[in-house]
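Here is how the chains run, residue by residue.
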Amino acid sequence: MGKYIAIFLSLFSFNSFAEDKPLTTPTCLPEAVLTTPITLFLTESIKAQYAPFVIEGHIKSWLEHSNTVMRNSCIPMKRTLKEVVYISELLDINFQDIYAVHDLLAYYYPDRIKSLQQNQSHHHVYPYYGVVFSTRNSTFNPDKCGQTDVTLYPQFFVLDINCPKTVLEHELGHLAWANHDIDTLSDQTEGYLFDLATWLPVGLHSKIKQYAYGYRCGGKGTVMSYADELHPFYSSPSIAFDGIACGNDVYADNARVLREYAEAKLEITN
Ligand SMILES: [Zn+2]
């Protein structure tokens, strides 16, 4: 009897952590892991504004947060930093427009960008690259803090260094075709929620999954939600916060979206 109690307690402590309300995450099956090394291009103005240890601290906190999300959501991916490159050519003012930023980056660093875009054949590795800027934008809105366009640049994001540590994973979520929660998206698309595919070329329609939406539970959002506070996990019906499921099989399982994305890349790079 005592043995059973001990096993139960150890499982329980493994699957929850000491917040005021209990988080229950699924037990993840061991599987191959996709490493996603990230190259960050930082504007020189960031170097002028922040001491090196502050910049390093920001980057470290983004990656640690992302990897906590991966563990909690059972996603077989590991976020790592490949390299930090300082760029004097891009000004923070450019960051209103992700297309202009990518054009300039590709113009000044053609070989590096080409090699990042082609460097997908190594075992279990899929690289990302992003430009980090500084507008001192303190109002939390993930899509003012960062930007992606997965249809044009499946490995690229822009990010404001002043935004919360949760924004990097939010943008990487977009690159895996995860969407905002339904309330946010409904506002943004004026109600045309499940017609997203009509905006995309036919070849990309299969990327749109009906379960690829964020979720809100226990007063907080999951990674892809717009909320003042975010949980460190993607929406998933297998994750519960304070006994309430933080997702739905049919329309809110971004953890599955990310897991399938990783598994597809692992197959390609095998
Ligand atoms: Zn977003």
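In short, a report on the structure. (Residues numbered from 1 in each chain as written. Predicted model: local features only at pLDDT ≥ 70, side-chain atom pairs only at ≥ 80, totals over all residues. Heavy atoms only, no water.)

1. Section: the sheet that holds strand β2 (residues 34-43)
One open sheet holds the five strands; their spatial order is β3-β2-β4-β6-β5, and the pairing between them is mixed. Bordering the open sheet on either side are β3 (77-87) and β5 (146-147), each of which pairs with just one other strand. Sheet analysis places β5 next to strand β6 (residues 156-160), joined by two bridges and oriented antiparallel. Paired with Gln-147 across the bridge in β6 is Val-158. Together, β2, β3, β4 (128-133) and β6 form the strand contacts of helix α3 (residues 52-72), whose direction differs from that of β3 by roughly 160°. (Pairing = 2+ DSSP bridges. Helix = DSSP H or I, 4+ residues; strand = E, 2+ residues; numbered from the N terminus. Contact = heavy atoms within 4.5 Å. Axes fitted to C-alpha atoms, helices over the stretch in contact; angles between N-to-C directions.)

2. A look at the state of the cysteines
Across all of its chains, the model carries three disulfides by this definition. Sulfur-sulfur distance for the disulfide between Cys-145 and Cys-163 comes to 2.0 Å. Torsion about the S-S bond of the Cys-145 and Cys-163 cystine: about -75°, corresponding to left-handed handedness. One end of the pair, Cys-145, is in helix α6 (residues 142-145); the other, Cys-163, is in the loop between β6 and α7 (167-175), and 18 residues separate them in sequence. Residue Cys-145 is classed as buried on the basis of its relative accessible area of 0%. The class for Cys-163 is buried, based on a relative accessible area of 5%. For Cys-217, the disulfide goes to Cys-246, at an S-S distance of 2.0 Å. The disulfide joining Cys-217 to Cys-246 has a torsion of about 95° about its S-S bond and is therefore right-handed. One end of the pair, Cys-217, is in strand β7 (residues 216-217); the other, Cys-246, is in strand β10 (residues 244-246), and 29 residues separate them in sequence. The pair Cys-217 / Cys-246 is uniform in exposure class, with both members buried. Looking at the protein chain, its bonded cysteines, counted consecutively from the start of the sequence, adopt the pairing 1-2, 3-4, 5-6. (Disulfide = S-S within 2.5 Å. Buried < 20%, exposed > 50% of the residue type's maximum accessible area, 1.4 Å probe, protein only.)

3. Things to note about the packing of aromatic side chains
Pairs of aromatic rings are described using the distance from one ring centre to the other and the angle between the two planes. Taken as a whole and assessed by the stated rule, the structure comprises eight aromatic pairs. Seen in terms of ring centroids, Phe-41 and Tyr-109 are 5.6 Å apart; in terms of plane orientation they differ by 50°. Their pairing is tilted. Residue Phe-41 is found in strand β2, and its partner Tyr-109 is found in the loop between α4 (98-108) and α5 (110-118); the two are separated by 68 residues along the sequence. Comparing Phe-41 with Tyr-109, the two get one shared label, buried. Measuring from ring centre to ring centre gives 6.4 Å for Tyr-215 and Tyr-251, while their planes differ by 40°; the resulting arrangement is tilted. Taken together, the residues Tyr-215 in the loop between α8 (182-188) and β7 and Tyr-251 in the loop between β10 and α9 (254-269) connect sequence positions 36 residues apart. Look at Tyr-215 and you get partly exposed, because its relative accessible area is 21%. Take Tyr-251: its relative accessible area is 30%, and that puts it in the partly exposed class. Each member of the aromatic cluster is reached from another via a ring pair, and the members are Tyr-99, Tyr-129, Tyr-153 and Phe-156. Positioned above the aromatic ring of Tyr-211 is the side chain of Arg-256, whose terminal nitrogen or guanidinium carbon lies 3.9 Å from the ring centre. (Phe/Tyr/Trp six-rings, centres within 6.5 Å; stacked < 30°, edge-to-face > 60°. Lys NZ or Arg CZ within 6 Å of the ring centre and 35° of its normal.)

4. Some details on the layout of surface pockets
Estimates place the volume of the second largest pocket at around 350 Å³. For the second largest pocket, the lining is made up of 17 residues, of which Cys-28, Met-70, Cys-74, Ile-75 and Pro-76 are closest to its centre. Elements represented by at least two residues in the lining of the second largest pocket include exactly α3, β3 and α9. Considering each element in turn, the lining of the second largest pocket owes the most residues, three residues, to α3. In terms of residue class, the lining of the second largest pocket is built from 10 nonpolar, two polar and five charged. (1 Å grid on protein atoms, 1.4 Å probe; cavity = no way out; pocket = protein on both sides within 12 Å on 5 of 7 lines; lining within 4 Å. Points joined across faces, edges and corners; volume = space filled by probe spheres on them. Nonpolar A, V, L, I, M, F, W, Y, C, P; charged D, E, K, R; others polar.)

All quantities given are derived from atomic positions and should not be read as evidence of function.
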